[in-house]
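Structural overview for review
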Amino acid sequence: MVRKTKRRRWTRDDTELTLLAVPTFVWYILFSFLPMFGIFIAFKRYQIFPGKSFLYNLIHSEWVGFANFKYLIESKSLYILLRNTIGYNLIFIVLGILIPVTLAIMISMIYSKRKSKVYQTAMFFPHFLSWVVVSYFVYAFLSYDKGILNSLMQTLGQERVQWYMESKYWPYILVFMSLWKSTGYNMVVYLASITGIDPSLYEAAVVDGATQWQQVKHITLPSLRPIIIMMFILSVGKIFYSDFGLFYQVTRGIPASLYDTVSTIDTYVYNALLSSTPIGMTSAATVFQSVACCITILLANWIVRKIDEDYAII
Amino acid sequence: MNKGKENAGTNRLNSIKSSTNLLFNTTFIILSLMCIIPFIFVFIISISSEGSIARNGYQFFPDALSLSAYEFLWNEKDVIINAFGISVIVTALGTLLGVALTTSMGYVLSRSNYKLKNFFTWVVFIPMIFNGGMVASYVVNANILGLSNTIWALILPLAVNSFNVVICKTFFQTTISESIIESAKIEGASQLSIYLRIIVPISKPVFATIALFLAFGYWNDWFQSSLYIREQSLLSLQALLNNIQKNIEYLANNPSAGLSMQQYVNQMPAEGVRMAIAVIIVLPIACAYPFFQRYFVTGLTIGAVKG
């Protein structure tokens, strides 16, 4: 950057601040930037030379250009993985904004603040659980021979269902579980914004004879716009990523019969990583994911910036 | 006693009708129960007798209660205490390290006169929109840094994330007045001692927020474990729970007196044991989070203010 003013000299302050930043900088180099060079794996036919280090292997492996990507694209799985990853994410994004915003507005209107606190605390709870733990919760309901859902079905004279084998139920189960875990947290976030709205706006509206619904429409929702847009960009930026635990743990490791319904890019990569799939191909999938995501987040931000400069996050 | 408080809302200018209030309350009671009941259910299963589970499946009101699952875990306490210890160490060390790394960078980025500010801002920003992907991270951690089967594989990769750094930076920018720092500098304090003696004490809310984000992240992590840890003695509680989903037998190592290994395994209250471990994991969280809940929201609302 060219500055007109005279360049400031390097001071003792700068040295001290640099020293303070160095540990974190080293962390970023090792855990964020070094892996970025790992994308080369996707363009190589990675070979293991006995007794050599990983870097040696990487450098001496043959360049294959986009062959790994071609293979990935030609395999039928890419279509399924993309469809599932993006499809589920779109549903999560839409419902993950609509439902929590509605609930936040509702809970802000409840008379008793004490009750409202109790509801918030209860609904916040799932946010603090890992998907491993949640998968046991789900199992208690869906297990074929012991699950309470099947006991209930039997009492009602219905057939027991092999929940973990029937793919048709899973889109609903996954969407439900995703919302179950995130709704409370998101609701509280939106509620925090609602609490911050200047009360005099509502007072003025009431004086003008505005109904409850008009107040929500003309005061609450517009005030929530910035945070909604921010949450939207953040989730669109992750549209090629899936919540691995949700898809992998809640289905109990993705049984074969559910593969087409619940596999996402992340579950594919995870399985490939721990199996004997060539590392180049697996890497191609993650590089595709990173690049696609980078483009999406910039695009989403660009669109938002077009609409309203202030709401862009970058 | 709470009558006045209860009705405070009705005096508000923009209050809803009391029938609507009732409807909303009912909705939230149902939703709250939906969030809590699964845990209670799992707890009940963990104290149901194995026989009752075998006869009637999982039930909210089992025929017979039994503590055999917890007794079994007590008998195998070596494994459980070890896993618990790993979870605690990872959470404590990780949180400390993460808070130190995150807030120091946040502070540096908040200094408007710092010469390398732009450079480090990019260092923090680029990983927010681009990363090398899971495979590359795995290769770097496992093959280049050699973290496999060490406790550091559970700690280091999760220590910093850019979102937290930005939260800190924004917090310091908006709450710390330049004059405090200037006057400390005039008195000859170095930036490190300013950070330790001034910033840390007056920024407790943001430190608490970051610490809690990290602590819950570490406590709940099983993914790092599943990638990098094969060594039994390094399994955390979450990893243990993850592993026994398919194969619970390896938990059985200490046959009670007079039983052969096979008898012991056969007698194991397998259903209850799984759920009991889930309860052991969740219980500390369930007890702690109501006190810390507000910091989570603080974090997000600070982060939302553009820096």
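Described below are features of the structure shown in this document. This structure is a prediction, so every number in the text was calculated from the model and none was measured.

Turning our eyes to something else, we now look at unusual backbone geometry. Backbone geometry places I254 of chain A, a non-glycine residue, at a positive phi of 50 degrees. Looking at where I254 of chain A falls in the secondary structure, it is placed in the loop between α11 (244-249) and α12 (259-262). Even without glycine at this site, N149 of chain B takes up a positive phi of about 55 degrees. Relative to the elements of secondary structure, N149 of chain B occurs in the loop between α7 (133-144) and α8 (152-155). N149 of chain B sits in the partly exposed class, given a relative accessible area of 30%.

Quick look at the interface of chain A and chain B now. Contacts between the two partners involve 107 residues from chain A and, on the opposite side, 113 residues from chain B. On the chain A side of the interface with chain B, the three residues burying the most area are Y111, F128 and Y136 of chain A, jointly 10% of the side's total. At the surface where chain A touches chain B, the tally comes to 2 salt bridges. Its salt-bridge partner being K185 of chain B, residue D13 of chain A comes within 2.7 Å of it at the nearest N-O pair. Inspection of the chain A/chain B interface yields 24 residue pairs in polar contact (both at pLDDT 80 or more).

Where helix α1 (residues 12-37) of chain A contacts helix α11 (residues 191-202) of chain B, the two axes come as close as 8 Å, and the packing angle between them is 60 degrees. When the interaxial angle is binned, α1 of chain A and α11 of chain B end up oblique. Here α1 of chain A contributes D13, E16, L17 and L20 of chain A to the contact with α11 of chain B, which in turn contributes Q191, L192 and Y195 of chain B. Of the residues assigned to the contact of α1 of chain A with α11 of chain B, the class counts are 4 nonpolar, 1 polar and 2 charged.

Here is what the cut-offs are and how they apply
- Residues numbered from 1 in each chain as written.
- Chains lettered and ligands numbered in written order.
- Predicted model: local features only at pLDDT ≥ 70, side-chain atom pairs only at ≥ 80, totals over all residues.
- Heavy atoms only, no water.
- Helix = DSSP H or I, 4+ residues; strand = E, 2+ residues; numbered from the N terminus.
- Buried < 20%, exposed > 50% of the residue type's maximum accessible area, 1.4 Å probe, protein only.
- Contact = heavy atoms within 4.5 Å.
- Buried area = accessible area lost by both parts, 1.4 Å probe.
- Salt bridge = Lys/Arg side-chain N within 4 Å of Asp/Glu carboxyl O.
- Polar contact = N/O pair within 3.5 Å; in protein donor to acceptor, adjacent residues only side chain to side chain.
- Axes fitted to C-alpha atoms, helices over the stretch in contact; angles between N-to-C directions.
- Parallel < 35°, antiparallel > 145°, perpendicular 65-115°, else oblique.
- Nonpolar A, V, L, I, M, F, W, Y, C, P; charged D, E, K, R; others polar.

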